[in-house]
Amino acid sequence: GPSPDRPAPLQGRCALITAGPTREPLDPVRFIGNRSSGRMGYALAAALAARGAEVTLVSGPSALAPPALAGLVRVETASQMAAAVMERVAGCDLFVATAAVADYRPAAPASDKIKKDAAELTIRLVRNPDILAQVAASPARPFTVGFAAETERLEEHAAAKLRAKGLDMIAANRVGGEAGGFDADDNALVVLWPGGRRAFALMPKTRLAEQLADLIVERYLASLA
Ligand code: CTP
Ligand code: CA
(Lines give C-alpha, C1' and ligand atoms only; values in the text may rest on other atoms or scores of the structure.)
(Ligands and ions follow the chains in the order given, each with its own letter.)
Protein backbone atom coordinates (compact mmCIF):
# COMPACT_ATOMS: atom_id res chain seq x y z
CA GLY A 1 0.00 0.00 0.00
CA PRO A 2 0.95 3.69 -0.10
CA SER A 3 3.50 4.70 2.50
CA PRO A 4 4.72 8.19 3.43
CA ASP A 5 8.42 7.31 3.05
CA ARG A 6 8.07 5.91 -0.51
CA PRO A 7 7.20 8.02 -3.56
CA ALA A 8 3.68 7.34 -4.86
CA PRO A 9 4.10 4.75 -7.65
CA LEU A 10 1.48 6.38 -9.91
CA GLN A 11 2.70 9.95 -9.45
CA GLY A 12 2.25 11.81 -12.76
CA ARG A 13 0.05 9.03 -14.21
CA CYS A 14 -3.55 9.47 -15.22
CA ALA A 15 -6.27 6.90 -14.58
CA LEU A 16 -9.79 6.76 -15.97
CA ILE A 17 -12.33 4.58 -14.14
CA THR A 18 -15.94 3.68 -14.89
CA ALA A 19 -18.24 2.77 -12.01
CA GLY A 20 -21.81 2.10 -11.01
CA PRO A 21 -24.78 0.98 -13.07
CA THR A 22 -26.21 2.60 -16.18
CA ARG A 23 -29.87 3.50 -16.68
CA GLU A 24 -31.46 2.98 -20.07
CA PRO A 25 -34.71 4.93 -20.44
CA LEU A 26 -37.97 3.21 -21.42
CA ASP A 27 -39.94 6.44 -21.23
CA PRO A 28 -39.51 9.79 -19.38
CA VAL A 29 -40.06 8.19 -15.96
CA ARG A 30 -38.80 4.59 -16.28
CA PHE A 31 -35.53 2.86 -17.00
CA ILE A 32 -33.79 -0.51 -17.21
CA GLY A 33 -31.08 -0.67 -14.54
CA ASN A 34 -29.14 -3.12 -12.41
CA ARG A 35 -28.08 -3.71 -8.80
CA SER A 36 -24.55 -2.28 -9.03
CA SER A 37 -23.84 0.12 -6.13
CA GLY A 38 -20.62 1.62 -7.47
CA ARG A 39 -18.79 0.62 -4.27
CA MET A 40 -15.96 -1.32 -5.90
CA GLY A 41 -15.27 1.37 -8.48
CA TYR A 42 -15.38 4.24 -5.99
CA ALA A 43 -13.04 2.36 -3.64
CA LEU A 44 -10.64 1.54 -6.48
CA ALA A 45 -10.67 5.17 -7.65
CA ALA A 46 -9.72 6.27 -4.12
CA ALA A 47 -7.01 3.58 -3.88
CA LEU A 48 -5.41 4.59 -7.21
CA ALA A 49 -5.56 8.27 -6.22
CA ALA A 50 -3.84 7.37 -2.93
CA ARG A 51 -1.06 5.81 -5.04
CA GLY A 52 -0.49 9.12 -6.81
CA ALA A 53 -2.64 8.80 -9.94
CA GLU A 54 -4.68 11.70 -11.29
CA VAL A 55 -8.02 9.90 -11.32
CA THR A 56 -11.14 10.71 -13.30
CA LEU A 57 -14.21 8.70 -12.34
CA VAL A 58 -17.02 8.31 -14.87
CA SER A 59 -19.96 7.18 -12.79
CA GLY A 60 -23.46 5.99 -13.46
CA PRO A 61 -26.14 6.82 -10.85
CA SER A 62 -24.85 5.89 -7.39
CA ALA A 63 -25.93 6.95 -3.91
CA LEU A 64 -22.31 6.95 -2.72
CA ALA A 65 -20.38 10.07 -1.80
CA PRO A 66 -17.60 10.26 -4.39
CA PRO A 67 -14.01 10.22 -3.11
CA ALA A 68 -11.88 13.36 -3.55
CA LEU A 69 -10.49 13.02 -7.09
CA ALA A 70 -9.14 15.09 -9.96
CA GLY A 71 -12.40 14.58 -11.84
CA LEU A 72 -15.92 13.21 -11.50
CA VAL A 73 -18.23 12.86 -14.48
CA ARG A 74 -21.80 11.76 -13.83
CA VAL A 75 -23.68 9.95 -16.58
CA GLU A 76 -26.87 7.91 -16.89
CA THR A 77 -26.82 5.78 -20.01
CA ALA A 78 -24.22 3.45 -21.51
CA SER A 79 -23.98 5.72 -24.56
CA GLN A 80 -23.26 8.73 -22.35
CA MET A 81 -20.67 6.71 -20.42
CA ALA A 82 -19.03 5.63 -23.69
CA ALA A 83 -18.87 9.24 -24.94
CA ALA A 84 -17.49 10.51 -21.61
CA VAL A 85 -14.78 7.82 -21.65
CA MET A 86 -13.78 8.19 -25.31
CA GLU A 87 -13.47 11.99 -24.88
CA ARG A 88 -11.00 11.52 -22.04
CA VAL A 89 -9.07 8.31 -22.76
CA ALA A 90 -6.40 9.72 -25.08
CA GLY A 91 -3.17 10.18 -23.14
CA CYS A 92 -4.41 8.19 -20.16
CA ASP A 93 -2.07 5.64 -18.60
CA LEU A 94 -4.64 3.38 -16.95
CA PHE A 95 -8.25 2.49 -17.69
CA VAL A 96 -10.29 0.40 -15.27
CA ALA A 97 -13.84 -0.61 -16.21
CA THR A 98 -15.76 -1.49 -13.03
CA ALA A 99 -19.12 -0.21 -14.30
CA ALA A 100 -22.07 -2.56 -14.72
CA VAL A 101 -22.95 -1.27 -18.17
CA ALA A 102 -26.34 -2.29 -19.60
CA ASP A 103 -25.65 -4.56 -22.57
CA TYR A 104 -28.89 -3.44 -24.26
CA ARG A 105 -31.08 -0.34 -24.34
CA PRO A 106 -34.65 0.17 -25.53
CA ALA A 107 -34.50 0.75 -29.29
CA ALA A 108 -36.94 3.64 -29.19
CA PRO A 109 -37.67 5.11 -25.74
CA ALA A 110 -41.21 6.50 -25.61
CA SER A 111 -41.38 10.29 -25.48
CA ASP A 112 -44.47 10.13 -23.24
CA LYS A 113 -45.16 7.86 -20.29
CA ILE A 114 -46.17 4.40 -21.50
CA LYS A 115 -49.85 3.73 -20.66
CA LYS A 116 -51.10 0.30 -19.56
CA ASP A 117 -53.44 -0.01 -22.52
CA ALA A 118 -52.51 -3.52 -23.55
CA ALA A 119 -52.44 -6.83 -21.61
CA GLU A 120 -48.89 -7.44 -22.81
CA LEU A 121 -46.03 -5.17 -23.70
CA THR A 122 -42.97 -6.09 -25.75
CA ILE A 123 -39.97 -3.78 -25.79
CA ARG A 124 -37.28 -4.14 -28.42
CA LEU A 125 -33.73 -3.75 -27.16
CA VAL A 126 -30.59 -2.98 -29.15
CA ARG A 127 -26.95 -3.57 -28.18
CA ASN A 128 -25.01 -0.86 -26.40
CA PRO A 129 -21.41 -0.03 -27.29
CA ASP A 130 -18.83 -2.09 -25.35
CA ILE A 131 -16.82 0.69 -23.70
CA LEU A 132 -14.07 -1.60 -22.45
CA ALA A 133 -13.59 -3.25 -25.85
CA GLN A 134 -13.52 0.19 -27.52
CA VAL A 135 -10.82 1.43 -25.16
CA ALA A 136 -8.79 -1.77 -25.55
CA ALA A 137 -8.94 -1.33 -29.35
CA SER A 138 -8.06 2.39 -29.29
CA PRO A 139 -4.70 3.65 -30.59
CA ALA A 140 -1.94 4.04 -27.95
CA ARG A 141 -4.36 2.57 -25.49
CA PRO A 142 -3.87 2.74 -21.72
CA PHE A 143 -3.09 -0.27 -19.51
CA THR A 144 -6.59 -1.70 -19.64
CA VAL A 145 -8.31 -3.55 -16.80
CA GLY A 146 -11.78 -5.07 -16.99
CA PHE A 147 -14.12 -6.78 -14.58
CA ALA A 148 -16.19 -9.85 -15.31
CA ALA A 149 -19.46 -10.33 -13.48
CA GLU A 150 -20.48 -13.97 -13.67
CA THR A 151 -23.02 -16.27 -12.06
CA GLU A 152 -21.32 -19.48 -13.27
CA ARG A 153 -18.04 -20.81 -14.77
CA LEU A 154 -16.33 -17.72 -13.38
CA GLU A 155 -12.73 -18.20 -14.49
CA GLU A 156 -13.57 -19.71 -17.85
CA HIS A 157 -15.81 -16.76 -18.81
CA ALA A 158 -13.31 -14.23 -17.42
CA ALA A 159 -10.41 -15.80 -19.35
CA ALA A 160 -12.51 -15.65 -22.52
CA LYS A 161 -13.24 -11.93 -21.95
CA LEU A 162 -9.55 -11.21 -21.24
CA ARG A 163 -8.66 -12.78 -24.58
CA ALA A 164 -11.59 -11.57 -26.69
CA LYS A 165 -11.26 -7.92 -25.62
CA GLY A 166 -7.44 -8.04 -25.61
CA LEU A 167 -7.18 -6.77 -22.02
CA ASP A 168 -4.10 -6.41 -19.84
CA MET A 169 -5.96 -7.73 -16.80
CA ILE A 170 -9.43 -8.88 -15.72
CA ALA A 171 -10.96 -9.16 -12.24
CA ALA A 172 -13.67 -11.78 -12.06
CA ASN A 173 -16.35 -11.78 -9.40
CA ARG A 174 -19.36 -13.93 -8.73
CA VAL A 175 -22.61 -11.98 -8.75
CA GLY A 176 -26.21 -12.65 -7.89
CA GLY A 177 -25.42 -15.12 -5.09
CA GLU A 178 -24.72 -15.01 -1.35
CA ALA A 179 -20.96 -14.37 -1.53
CA GLY A 180 -20.58 -10.66 -2.21
CA GLY A 181 -20.64 -9.16 -5.69
CA PHE A 182 -23.26 -6.61 -6.70
CA ASP A 183 -24.74 -4.36 -4.05
CA ALA A 184 -22.76 -6.08 -1.26
CA ASP A 185 -20.15 -4.76 1.20
CA ASP A 186 -17.80 -7.69 0.64
CA ASN A 187 -16.41 -9.23 -2.49
CA ALA A 188 -14.00 -11.97 -3.59
CA LEU A 189 -12.04 -11.79 -6.84
CA VAL A 190 -9.96 -13.91 -9.14
CA VAL A 191 -7.66 -11.73 -11.21
CA LEU A 192 -6.27 -13.00 -14.51
CA TRP A 193 -3.75 -11.53 -16.93
CA PRO A 194 -1.87 -13.06 -19.84
CA GLY A 195 0.30 -15.66 -18.10
CA GLY A 196 -0.81 -14.96 -14.53
CA ARG A 197 -3.50 -15.40 -11.89
CA ARG A 198 -4.15 -14.19 -8.33
CA ALA A 199 -7.10 -14.97 -6.07
CA PHE A 200 -8.38 -12.59 -3.39
CA ALA A 201 -10.52 -14.04 -0.58
CA LEU A 202 -13.87 -12.54 0.46
CA MET A 203 -13.19 -9.23 2.23
CA PRO A 204 -14.64 -5.71 2.50
CA LYS A 205 -14.61 -3.94 -0.87
CA THR A 206 -12.47 -1.09 0.49
CA ARG A 207 -9.71 -3.51 1.56
CA LEU A 208 -10.06 -5.51 -1.65
CA ALA A 209 -9.69 -2.29 -3.65
CA GLU A 210 -6.39 -1.56 -1.86
CA GLN A 211 -5.02 -5.00 -2.73
CA LEU A 212 -6.29 -4.85 -6.30
CA ALA A 213 -4.74 -1.38 -6.71
CA ASP A 214 -1.38 -2.80 -5.59
CA LEU A 215 -1.66 -5.59 -8.17
CA ILE A 216 -2.65 -3.11 -10.91
CA VAL A 217 0.40 -0.97 -10.03
CA GLU A 218 2.63 -4.07 -10.10
CA ARG A 219 1.38 -5.27 -13.49
CA TYR A 220 1.25 -1.75 -14.97
CA LEU A 221 4.88 -1.05 -14.00
CA ALA A 222 5.86 -4.49 -15.36
CA SER A 223 4.17 -3.59 -18.69
CA LEU A 224 6.43 -0.51 -18.98
CA ALA A 225 9.63 -2.45 -18.29
N1 CTP B 1 -18.34 -3.34 -20.25
C2 CTP B 1 -18.28 -2.12 -20.89
N3 CTP B 1 -19.27 -1.75 -21.76
C4 CTP B 1 -20.31 -2.56 -21.98
C5 CTP B 1 -20.40 -3.81 -21.33
C6 CTP B 1 -19.40 -4.16 -20.46
O7 CTP B 1 -17.31 -1.37 -20.68
N8 CTP B 1 -21.26 -2.18 -22.83
C9 CTP B 1 -17.24 -3.74 -19.36
C10 CTP B 1 -17.61 -3.85 -17.89
O11 CTP B 1 -17.39 -2.61 -17.24
C12 CTP B 1 -16.64 -4.92 -17.42
C13 CTP B 1 -16.45 -5.81 -18.63
O14 CTP B 1 -16.85 -5.02 -19.76
O15 CTP B 1 -15.37 -4.36 -17.09
C16 CTP B 1 -17.20 -7.08 -18.63
O17 CTP B 1 -18.56 -6.86 -18.39
P18 CTP B 1 -19.52 -8.13 -18.32
O19 CTP B 1 -20.92 -7.68 -18.23
O20 CTP B 1 -18.99 -9.08 -17.29
O21 CTP B 1 -19.24 -8.84 -19.73
P22 CTP B 1 -19.76 -8.54 -21.17
O23 CTP B 1 -18.55 -8.33 -22.01
O24 CTP B 1 -20.78 -7.45 -21.19
O25 CTP B 1 -20.40 -9.92 -21.60
P26 CTP B 1 -21.68 -10.68 -20.94
O27 CTP B 1 -22.51 -9.67 -20.20
O28 CTP B 1 -22.38 -11.30 -22.11
O29 CTP B 1 -21.12 -11.73 -19.99
CA1 CA C 1 -22.59 -7.44 -19.77
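This text follows the structure it describes.
Figured I'd write up the structure that's included with this text. Because the structure is a prediction, the values reported are computed rather than measured.

Analysis parameters
- Residues numbered from 1 in each chain as written.
- Chains lettered and ligands numbered in written order.
- Predicted model: local features only at pLDDT ≥ 70, side-chain atom pairs only at ≥ 80, totals over all residues.
- Heavy atoms only, no water.
- Disulfide = S-S within 2.5 Å.
- Helix = DSSP H or I, 4+ residues; strand = E, 2+ residues; numbered from the N terminus.
- Buried < 20%, exposed > 50% of the residue type's maximum accessible area, 1.4 Å probe, protein only.
- Near = heavy atom within 4 Å.
- Polar contact = N/O pair within 3.5 Å; in protein donor to acceptor, adjacent residues only side chain to side chain.
- Areas by Shrake-Rupley, 256 points an atom, 1.4 Å probe, with all protein chains shown as cover.
- Nonpolar A, V, L, I, M, F, W, Y, C, P; charged D, E, K, R; others polar.
- Salt bridge = Lys/Arg side-chain N within 4 Å of Asp/Glu carboxyl O.
- Axes fitted to C-alpha atoms, helices over the stretch in contact; angles between N-to-C directions.
- Parallel < 35°, antiparallel > 145°, perpendicular 65-115°, else oblique.
- Left-handed = near helix turned anticlockwise from the far one by under 90°.
- Contact = heavy atoms within 4.5 Å.
- Patch = residues over 30% accessible without salt bridge, like charges linked within 9 Å, V, L, I, M, F, W, Y side chains within 5 Å.
- Donors = N, O, S within 2.8 Å, 3.2 Å for Na, K, Ca; no water.
- Pairing = 2+ DSSP bridges.

On to the state of the cysteines, then. For the structure shown, the criterion picks out one disulfide. Disulfide pairing is shown between Cys14 and Cys92; the S-S distance is 2.3 Å. Taking the torsion about the sulfur-sulfur bond, which here is approximately -75 degrees, the covalent link between Cys14 and Cys92 counts as left-handed. One end of the pair, Cys14, is in strand β1 (residues 14–19); the other, Cys92, is in the loop between α2 (78–88) and β6 (94–97), and 78 residues separate them in sequence. Residue class for Cys92 comes out buried when judged on its relative accessible area of 9%.

As a structural note, the neighbourhood of ligand 1 is formed by 14 residues, with Ala97, Ala99, Pro129, Lys161 and Lys165 the closest of them. Within the side chain of Asp103, an N or O atom sits 3.0 Å from an oxygen atom of ligand 1. Take Lys161: an N or O atom from its side chain is 2.7 Å from an oxygen atom of ligand 1. Expressed as a share of its isolated accessible area of 570 Å², the protein-covered part of ligand 1 is 77%. Elements with a minimum of two residues in the shell around ligand 1: α3 (131–136) and β9 (143–150). Ranked by the residues each element gives to the shell around ligand 1, the list is headed by β9, at four residues. The class makeup of the residues in the shell around ligand 1 is nine nonpolar, one polar and four charged.

Moving on, we come to the pattern of salt bridges. Pairs can form between side chains of opposite charge once their charged atoms are near each other. A full pass over the atoms with the stated rule returns 12 salt bridges. Asp214 is the partner of Arg51 in a salt bridge, and the nearest nitrogen-oxygen pair spans 2.8 Å. Highlighted residues: Arg51 in the loop between α1 (39–50) and β4 (54–59) and Asp214 in helix α5 (residues 205–224), separated in sequence by 163 residues. Residue Glu150 is joined to Lys161 by a salt bridge in which the shortest nitrogen-to-oxygen separation is 2.5 Å. With Glu150 in strand β9 and Lys161 in helix α4 (residues 154–164), this residue pair connects regions lying 11 residues apart in the sequence. A cluster of three or more residues bridged by salt bridges with shared partners is formed by Arg51, Glu210 and Asp214.

Here α1 crosses α5 at 50 degrees, and the two axes come no closer than 8 Å. As far as their axial angle goes, α5 and α1 are oblique. For the crossing formed where α1 meets α5, the hand is right-handed. Each of Arg39, Met40, Ala43, Leu44, Ala47 and Leu48 in α1 lies in contact with α5, whose residues at this interface are Lys205, Thr206, Leu208, Ala209, Glu210, Leu212, Ala213 and Ile216.

The next thing to look at is a nonpolar patch on the surface. Together, Tyr104, Leu121, Ile123 and Leu125 line one region of the surface with nonpolar side chains, adding up to about 380 Å² of accessible area. Position of Tyr104 relative to the elements: it lies in strand β7 (residues 104–106).

Turning our attention to the coordination of the calcium ion (ligand 2). Six octahedrally arranged donors around a metal ideally form angles of 90 or 180 degrees; four tetrahedrally arranged donors ideally form angles of 109.5 degrees. Protein coordination of the calcium ion (ligand 2) is provided by Asp103 (OD) and Asp103 (OD), with donor distances spanning 2.4 to 2.5 Å. For Asp103, the location among the structural elements is in the loop between β6 and β7.

What follows deals with the sheet that holds β6. Strand order across the open sheet formed by eight strands is β5-β4-β1-β6-β9-β10-β11-β12, with mixed pairing between neighbours. Single-partner strands in this sheet number two, and they are β5 (71–74) and β12 (196–204). The sheet shows a mean angle of 15 degrees between the axes of neighbouring strands, direction not considered. Of the pairings in the sheet, the one linking strand β10 (residues 169–174) to strand β11 (residues 186–193) comprises three bridges and is antiparallel in character. Of the residues in β11, the one forming a bridge with Ile170 is Leu192. Strands in contact with α4 are β9, β10, β11 and β12; relative to β10, the strand with the most contacts, it is inclined by about 150 degrees.

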